[in-house]
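Okay, here's what each chain looks like letter by letter:
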Amino acid sequence: MLSQFYYVVRSQMSGEYLVAHPSEDSADGFLLLFSADYEALSYINTHGSGAGCAVEMMPSTALPATLKRWQLQGLGIVQDPLIPRVQFLRLEGNPG
């Protein structure tokens, strides 16, 4: 079975992934996914200090376990890292 790969941003200090919270009224977290490493780096350079962050490749097969481990509700697929424009997908079976 072929797996699609995504790129994620992870803190080198805490090990936590870059997560979006689309609603101020909710603590729901969505793992931000990038389609290319340069998009993730562009996001870091535009919206964060970039200090202590690393871009990692993650196969799509690892996403369910990652969401469960970090108690995240879904995925935030970054469509434009500069604006940013993100499509949020809540996965079935996840709380929230």
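A. Molecular detail of the packing of aromatic side chains. A full pass over the atoms with the stated rule returns three aromatic pairs. Ring geometry for phenylalanine 30 and phenylalanine 88: centres 5.3 Å apart, planes at 70°, overall edge-to-face. Placement of the pair is phenylalanine 30 in strand E3 (residues 30-33) and phenylalanine 88 in strand E6 (residues 85-90), with a sequence separation of 58 residues. Among the residues examined, phenylalanine 30 registers a relative accessible area of 4% and is labelled buried. For phenylalanine 88, a relative accessible area of 35% gives the class partly exposed.

B. Structural context of the nonpolar core. Among the nonpolar cores identified, the biggest contains 10 residues, and these are Tyr6, Val8, Tyr17, Leu31, Leu33, Met58, Leu63, Leu67, Leu72 and Leu75. Of all the elements in the fold, those that place two or more residues in this core are strand E1 (5-11), E3 and helix H2 (63-69). Setting aside residues no more than four positions away along its own chain, leucine 75 makes contact with Phe30, Leu31, Leu33, Leu63, Leu67, Gln87, Phe88, Leu89 and Leu91. Formed by eight residues, the second largest nonpolar core is a distinct cluster that contains Val9, Ala20, Leu32 and Ala40.

C. Broad picture of the sheet that holds strand E5 (residues 74-80). Reading across the sheet, the four strands line up as E2-E3-E5-E6 and stay open at both edges, with mixed pairing between neighbours. Bordering the open sheet on either side are strand E2 (19-20) and E6, each of which pairs with just one other strand. In this sheet, E3 lies alongside E2 in antiparallel orientation, the contact comprising two bridges. Bridging from a neighbouring strand, valine 19 pairs with leucine 31 of E3.

D. Up close: the environment of alanine 40. Tracing the backbone shows alanine 40 in helix H1 (residues 37-47). Alanine 40 sits 38 residues away from valine 78 along the chain, and the two C-alpha atoms are 8.8 Å apart. Look past the residues within four positions of alanine 40 in its chain and what remains in contact with it is Val9, Phe34 and Val55.

Conventions adopted
Residues numbered from 1 in each chain as written. Predicted model: local features only at pLDDT ≥ 70, side-chain atom pairs only at ≥ 80, totals over all residues. Heavy atoms only, no water. Phe/Tyr/Trp six-rings, centres within 6.5 Å; stacked < 30°, edge-to-face > 60°. Helix = DSSP H or I, 4+ residues; strand = E, 2+ residues; numbered from the N terminus. Buried < 20%, exposed > 50% of the residue type's maximum accessible area, 1.4 Å probe, protein only. Core = buried A, V, L, I, M, F, W, Y, C linked by side-chain atoms within 4.5 Å. Contact = heavy atoms within 4.5 Å. Pairing = 2+ DSSP bridges.

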